[in-house]
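Structural characterization, general
Residues per chain, in single letters:
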Amino acid sequence: MRYSMFSVHDHYPEEDRSVAAHYDETLDHMVLAEELGYESFWLAEHHFHEYGTVPNPAVFLAAAAQRTNRIGLGVAVSVLPFHHPLRVAEDYAMVDILSQGRLILGVGSGYIAHEFEGFGVAGATKREHFDENLDVLRRAFAGEAVSVQSSFNEIEDVAVNVPPVQRPHPPIYMAALRRESAYFIGRQGYPMLGIPYASVDELDELAGMVADYERGWAESGSAEPAPPVCFAFHTYCAETDAKAREDAEAPFDYYVRTRLYGKSAGWDEITERGYCLMGGVETCVQRLRRMREMGIGHVAMMMDFGCMGREKTQASMRLFAEQVMPAAGAG
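An account of the accompanying structure is given in this report. (Residues numbered from 1 in each chain as written. Predicted model: local features only at pLDDT ≥ 70, side-chain atom pairs only at ≥ 80, totals over all residues. Heavy atoms only, no water.)

Considerations on the overall build of the protein chain
In terms of regular secondary structure, the protein chain is built from 12 helices and 11 strands. Against the compact-globule benchmark of 20 Å for 331 residues, the protein chain has a radius of gyration of 19 Å, which places it among compact chains. Dimensions of the protein chain along its principal axes, counting C-alpha atoms only, are 60 × 45 × 40 Å. In the protein chain, which comprises 331 residues, the share counted as buried stands at 56%. Contacts in the protein chain between residues far apart in sequence, at least 24 positions, make up 74% of those at least 6 positions apart. For the protein chain, the exposed area adds up to about 13500 Å²; of that, 49% sits on carbon and sulfur atoms. A gap of 3 Å separates the mean positions of the 28 positive and 48 negative side-chain charges of the protein chain. (Helix = DSSP H or I, 4+ residues; strand = E, 2+ residues; numbered from the N terminus. Rg over C-alpha atoms; globule rule 2.2 N^0.38 Å. Buried < 20%, exposed > 50% of the residue type's maximum accessible area, 1.4 Å probe, protein only. Contact = heavy atoms within 4.5 Å. Areas by Shrake-Rupley, 256 points an atom, 1.4 Å probe, with all protein chains shown as cover. Lys, Arg positive; Asp, Glu negative; His and termini not counted. Charge placed at Lys NZ, Arg CZ, Asp CG, Glu CD.)

Here's what the structure looks like:
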């Protein structure tokens, strides 16, 4: 099992924590995650709403690159239809250079209506827009002089002059919000990201999603084994289930009340349905073992939800790394 961290970076303007303070807190979490042995730390991209306050993860990850030395720096995801693909290639090539080859680039087509409206981008053609921009991005990373004439881009023989450290490009993960996407992502030969909170009703459904992805990968022509799907789970670890609930129920329910997208109705539902890692040490260990049995090999913990605060988030991070990971098994 591989263990990472993920933050949607949900913001709460009515609380006594500014955007600047939240940025500082998250950078501290990233430094601690490296010290504790987490494999990578991922940030979401969101726009125009307190749903998330990292509109350009490349800027944030460049700052994190100067505070860390080993941990992978991920974006989950860069919403490709919102940006010129050559700008995406330049920005993230710089992150890869500044981090000495630690960038992990998740990409997606977007799903929130107000973000498409804010950028004046048509949601109806987002799939075609995404596919074209991803093709341009890969070619630009590889050093190719790109030419494209379409309704989305007008590019004539342009090459990016800052090649990434990782060749031909940093790892590119593709996001899936629906089970039916998993097969097609695998068939294209991309590693996959998923957020069960937004995708399924029960934990057991993820076994089918993993199987669909691996079936697609087997048809991709790749000689390599399928990389483990990275699923992001809301996580809070305490010594006991009761203590976890005491610390994290109010922040999680606050998160659910104020977010724009998701299936869970709150603490009771998400813990009963199982697609989370919230509870005492033993509960978290048993849940991870169940996930491993389902074929899940990489989990990213979402621990800083609902204005949780630095102290509780970092206590959960430490306990999970020091007691849960060794008991559940590391990969």
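Some words on helix H5 (residues 126-141)
Here H5 contains 16 residues, and its C-alpha end-to-end distance of 22 Å stays within 8% of the 22 Å for a straight helix at 1.5 Å per residue. Residues of H5 that are buried include every one of His129, Phe130, Glu132, Asn133, Leu134, Val136, Leu137, Ala140 and Phe141, and no others. If you follow the buried residues of H5, they end up packed against helix H3 (85-98), strand E4 (103-108), strand E5 (146-149), strand E6 (154-158) and strand E7 (172-176). Among the residues trailing H5, Gly143 stands out with phi positive, at a value near 95 degrees. (Expected span 1.5 Å × (residues − 1).)

A look at the packing of aromatic side chains
According to the stated counting rule, one finds 15 aromatic pairs in the structure shown. Consider the rings of Tyr3 and Phe320, whose centres lie 6.1 Å apart with planes at 70 degrees: the pair is edge-to-face. Of this pair, Tyr3 sits in strand E1 (residues 2-7) while Phe320 sits in helix H12 (residues 310-328), placing them 317 residues apart in sequence. Both residues of the pair, Tyr3 and Phe320, belong to the buried class. Considering the side-chain rings of Phe252 and Phe305, the 5.6 Å spacing of their centres and the 85 degrees angle between planes classify their relative orientation as edge-to-face. Of this pair, Phe252 sits in helix H9 (residues 241-258) while Phe305 is found in the loop between strand E11 (298-302) and H12, placing the two residues 53 residues apart along the sequence. Across the pair, exposure class does not vary: Phe252 and Phe305 are buried alike. Among the aromatic residues, those joined into a cluster by ring pairs are Phe48, Phe82, Phe116 and Phe119. (Phe/Tyr/Trp six-rings, centres within 6.5 Å; stacked < 30°, edge-to-face > 60°.)

Brief notes about the packing of helix H2 (residues 57-65) against H3
One can describe the packing of H2 onto H3 by two numbers: an axis separation of 9 Å at closest approach and a directional angle of 10 degrees. Classed by the angle they form, the pair H2 and H3 counts as roughly parallel. Facing H2, whose interface residues are Pro57, Ala58, Leu61, Ala62 and Ala65, H3 presents Asp91, Tyr92, Val95 and Leu98. Counted by class, the contact of H2 with H3 contains eight nonpolar, no polar and one charged residues. (Axes fitted to C-alpha atoms, helices over the stretch in contact; angles between N-to-C directions. Parallel < 35°, antiparallel > 145°, perpendicular 65-115°, else oblique. Nonpolar A, V, L, I, M, F, W, Y, C, P; charged D, E, K, R; others polar.)

Some words on empty space enclosed by the protein
Scanning the entire structure with this criterion turns up one cavity of 30 Å³ or more. In this structure, the largest cavity occupies an estimated 30 Å³ of space. For the largest cavity, the full set of lining residues is Met5, Phe6, Ser7, His29, Phe41, Met301, Met303, Asp304, Thr313 and Met317. Residue assignment for the lining of the largest cavity shows that the elements contributing at least two residues are E1 and H12. Of all the elements, E1 adds the most residues to the lining of the largest cavity, at three residues. Its residues assigned to classes, the lining of the largest cavity comprises six nonpolar, three polar and one charged. (1 Å grid on protein atoms, 1.4 Å probe; cavity = no way out; pocket = protein on both sides within 12 Å on 5 of 7 lines; lining within 4 Å. Points joined across faces, edges and corners; volume = space filled by probe spheres on them.)

Let's talk about the side chain of Arg17
Within the secondary structure layout, Arg17 lies in the loop between E1 and helix H1 (19-36). A polar atom in the side chain of Arg17 sits 3.4 Å from the backbone oxygen of Asp10. Not counting the four nearest positions on each side in its chain, Arg17 is found in contact with Asp10, His11, Tyr12, His22, Glu25 and Cys307. (Polar contact = N/O pair within 3.5 Å; in protein donor to acceptor, adjacent residues only side chain to side chain.)

A word on the environment of Ala122
On the secondary structure map, Ala122 appears in the loop between helix H4 (113-119) and H5. For Ala122, a relative accessible area of 44% translates into the label partly exposed. With 41 residues separating them along the chain, Ala122 and Pro81 place their C-alpha atoms 8.9 Å apart.

Thoughts on the layout of surface pockets
Its volume calculated, the largest pocket comes out at about 810 Å³. In terms of lining residues, the largest pocket is bounded by 38 residues, among which Val77, Tyr111, Ala175, Ala176 and Leu177 are the most central. For the lining of the largest pocket, the elements supplying multiple residues, two or more each, are strand E3 (72-79), H5, E7, helix H6 (179-187), strand E8 (192-194), helix H7 (196-199), strand E9 (230-238) and E11. Of the residues assigned to the lining of the largest pocket, the class counts are 25 nonpolar, eight polar and five charged.

Describing the nonpolar core
In this structure, Tyr3, Tyr38, Phe233, Leu288 and Phe320 are the most contacted members of the largest nonpolar core, which totals 110 residues. Apart from residues no more than four positions distant in its own chain, Leu288 is found in contact with Met1, Tyr3, Leu277, Val299, Phe320, Val324 and Ala328. (Core = buried A, V, L, I, M, F, W, Y, C linked by side-chain atoms within 4.5 Å.)

Re the pairing of E7
Counted residue by residue, E7 has four buried out of five residues, so it is predominantly covered. Pairing between E4 and E7: three bridges, direction parallel. What sits directly across from Val107, in E7, is Met174. Relative to E8, E7 runs parallel, the two sharing three bridges. Residue pairing for E8: Ala175 is matched across the bridge by Leu193. Crossover E7 to E8 through H6 is right-handed. (Pairing = 2+ DSSP bridges. Right-handed = clockwise from strand over helix to strand, strands pointing away.)

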